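This is what each chain is made of:
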Amino acid sequence: MALLLLFLEMEFRDERTIYLIPPRELLSNVKKAFEKTGMNILERESGELSWNLYGKRSGLVVEASLKSKMRKIDELAPFGEIFITFLKIRAIGDESLIKKFKWNLETSLLRCLG
């Protein structure tokens with residue numbers, strides 16, 4: 001039976017670079033995606049501007065990491081130093097739950113990026 005379950009699981013990976021948005025605001029919006037999907041969240045701060053999130057519910061496990069830094073970018077020079085955040089997400093589980101999480105992630109990120 002366990003072998004059958006392995007074939008029914010799906011894996012989703014996403015990596016993004018997000019400019020200008022304060023990292024704590026991004027963190028809050030990523031956490032909303034976890035919550036809307038019904039997951040318990042374990043948050044670990046791994047540095048001054050870095051976090052790891054772990055979420056789990058029946059049929060779905062999600063890991064996310066946010067790592068931010070301040071840099072000056074030539075194309076955005078008028079803004080001075082800006083936040084640059086690298087967001088990585090990995091989800092394993094039931095296809096319908098992964099689709100739900102992806103939808104919740106997109107709508108949560110639109111809140112701060114839109």
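Values in this document were obtained by computation on a predicted structure and should not be read as measured data.

What about the overall build of the protein?
Moving on, step 1. The helix and strand tally for the protein stands at three helices and five strands.
Moving on, step 2. The helix and strand sequence of the protein, counted from the amino end, reads α-β-α-β-β-β-β-α.
Moving on, step 3. The dimensions of the protein, computed from C-alpha atoms along their principal axes, are 60 × 25 × 20 Å.
Moving on, step 4. For the protein, the proportion of contacts with a sequence separation of at least 24, taken over those separated by at least 6, is 58%.

Concerning the packing of aromatic side chains
Moving on, step 1. What the rule picks out here adds up to one aromatic pair.
Moving on, step 2. The interplanar angle of 80° and the centroid separation of 5.4 Å between the aromatic rings of Phe34 and Phe101 together place this pair among those described as edge-to-face. In this pair, Phe34 is assigned in helix 2 (residues 23-36) and Phe101 in helix 3 (residues 95-113), connecting sequence segments 67 residues apart. Assigned by exposure class, Phe34 and Phe101 land together as buried.

Examining the side chain of Thr85
Moving on, step 1. Mapped onto the fold, Thr85 is located in strand 5 (residues 81-94).
Moving on, step 2. Within polar-contact distance, the side chain of Thr85 engages the side chain of Ser68 at 2.6 Å.
Moving on, step 3. Leave out the neighbours within four places in its chain, and Thr85 touches Arg16, Thr17, Ile18, Ile21, Pro23, Leu26, Leu66, Lys67 and Ser68.

Considerations on the nonpolar core
Moving on, step 1. Core analysis: the largest hydrophobic core is formed by 23 residues, its most contacted members being Val30, Phe34, Leu60, Val62, Ile89 and Phe101.
Moving on, step 2. Among the elements of the structure, strand 1 (9-19), helix 2, strand 3 (50-57), strand 4 (60-72), strand 5 and helix 3 are those that each provide at least two residues to this core.
Moving on, step 3. Those residues in contact with Val62 that sit more than four places away from it in its chain are Phe34, Met39, Leu53, Tyr54, Gly55, Ile89, Arg90, Ala91 and Phe101.

A word on the environment of Lys102
Moving on, step 1. Along the chain, Lys102 turns up in helix 3.
Moving on, step 2. Under the relative-accessibility criterion, Lys102 is labelled partly exposed at 31%.
Moving on, step 3. A C-alpha to C-alpha distance of 9.4 Å links Lys102 and Thr37, two positions 65 residues apart in sequence.

Observations regarding the sheet that holds strand 1
Moving on, step 1. A sheet is described by the order of its strands in space; here five strands give the open sequence 1-5-4-3-2, paired in antiparallel fashion. Strand pairing shows two members of the sheet lacking a second neighbour, strand 1 and strand 2 (40-47), which therefore form its edges. Recorded for the sheet is a direction-independent mean angle of 10° between the axes of neighbouring strands.
Moving on, step 2. Looking at chain direction, strand 3 and strand 4 are connected through eight bridges and run antiparallel. Opposite Leu53, over in strand 4, you have Ala64 as the bridge partner.
Moving on, step 3. The strands touched by helix 2 within the sheet are strand 1, strand 2, strand 3, strand 4 and strand 5, with strand 3 carrying the most contacts at an inclination of about 5°.

Conventions adopted
- Residues numbered from 1 in each chain as written.
- Predicted model: local features only at pLDDT ≥ 70, side-chain atom pairs only at ≥ 80, totals over all residues.
- Heavy atoms only, no water.
- Helix = DSSP H or I, 4+ residues; strand = E, 2+ residues; numbered from the N terminus.
- Contact = heavy atoms within 4.5 Å.
- Phe/Tyr/Trp six-rings, centres within 6.5 Å; stacked < 30°, edge-to-face > 60°.
- Buried < 20%, exposed > 50% of the residue type's maximum accessible area, 1.4 Å probe, protein only.
- Polar contact = N/O pair within 3.5 Å; in protein donor to acceptor, adjacent residues only side chain to side chain.
- Core = buried A, V, L, I, M, F, W, Y, C linked by side-chain atoms within 4.5 Å.
- Pairing = 2+ DSSP bridges.
- Axes fitted to C-alpha atoms, helices over the stretch in contact; angles between N-to-C directions.

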